[in-house]
Amino acid sequence: MARQTREEIIKNTHRMGAIVQIDYDWAVAHPDLSGGVPEPRPSQDAMITASLDAGISPSELEKGYKDAVNDIASDVFEADEDGTPDAISFFEYYTARTGRQIWDDAGHPGKAAKAIVRRGAIRDTVEWRLLNNVLSNVDQTVFSGDALNRAEALLGEFEALGWTEED
């Protein structure tokens, strides 16, 4: 894979920022389903610009947004597997805002987790968090049998390398 330019990384970060913004806007519009009204904050575009102006590298900012988008996708995926009304509400809200499905923009956590296990290695903390999020749902239906054992082993191997939540 070719190395991304600074401009490509920033463009991708803004794309992910739009997903985070929609998630925030949904939480504001649906406090009954989202656990309450979130604290007011600047737009994602403004936060990305301010972060870059403050000296955060585009690559570090992109990594943070990948984590955020994976967390959103994992939460929606878990809520959908559990059949909760907030998942349906979010799917409808996202589609109304974008004309697309959330999985088209954020990637499907189950498919991404299966790809990691098929590859047989976790590449970075973003992938670790995604796989861990999928497996942390006690009702998860992505893995069973040998595949579940391989997924859990991959998490253990990555954690044995000394990774911590702060990395």
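Heads up: these notes are all about the structure in this document. (Residues numbered from 1 in each chain as written. Predicted model: local features only at pLDDT ≥ 70, side-chain atom pairs only at ≥ 80, totals over all residues. Heavy atoms only, no water.)

1. Details of the pattern of salt bridges
One pass over the full model with this rule turns up six salt bridges. A salt bridge links Arg97 to Asp25, with the nearest nitrogen and oxygen atoms 2.9 Å apart. Of this pair, Arg97 sits in helix H5 (residues 85–98) while Asp25 sits in helix H1 (residues 6–29); the two residues are 72 residues apart in sequence, bridging distant segments of the chain. Asp105 is the salt-bridge partner of Arg100, the closest N and O atoms lying 2.9 Å from each other. Under the relative-accessibility criterion, Arg100 is labelled partly exposed at 39%. Within the structure, one salt-bridge network assembled from shared partners comprises Lys63, Asp67, Asp71 and Arg129. (Salt bridge = Lys/Arg side-chain N within 4 Å of Asp/Glu carboxyl O. Helix = DSSP H or I, 4+ residues; strand = E, 2+ residues; numbered from the N terminus. Buried < 20%, exposed > 50% of the residue type's maximum accessible area, 1.4 Å probe, protein only.)

2. Description of the packing of helix H8 (residues 125–136) against helix H9 (residues 145–160)
Two measures define how a pair of helices packs: the angle their axes make with one another and the distance between the axes. Put simply, H8 and H9 touch, their axes get as near as 10 Å, and they point 140° apart. One finds that H8 runs oblique with respect to H9. Of the two elements, H8 crosses H9, and the hand of that crossing is left-handed. Side by side, H8 and H9 meet where Thr125, Trp128, Leu131, Asn132 and Leu135 of the first sit next to Leu148, Ala151, Glu152, Leu154, Leu155, Phe158 and Glu159 of the second. Each residue belonging to the contact of H8 with H9 can be placed in one class, and the counts come to eight nonpolar, two polar and two charged. (Axes fitted to C-alpha atoms, helices over the stretch in contact; angles between N-to-C directions. Parallel < 35°, antiparallel > 145°, perpendicular 65-115°, else oblique. Left-handed = near helix turned anticlockwise from the far one by under 90°. Contact = heavy atoms within 4.5 Å. Nonpolar A, V, L, I, M, F, W, Y, C, P; charged D, E, K, R; others polar.)

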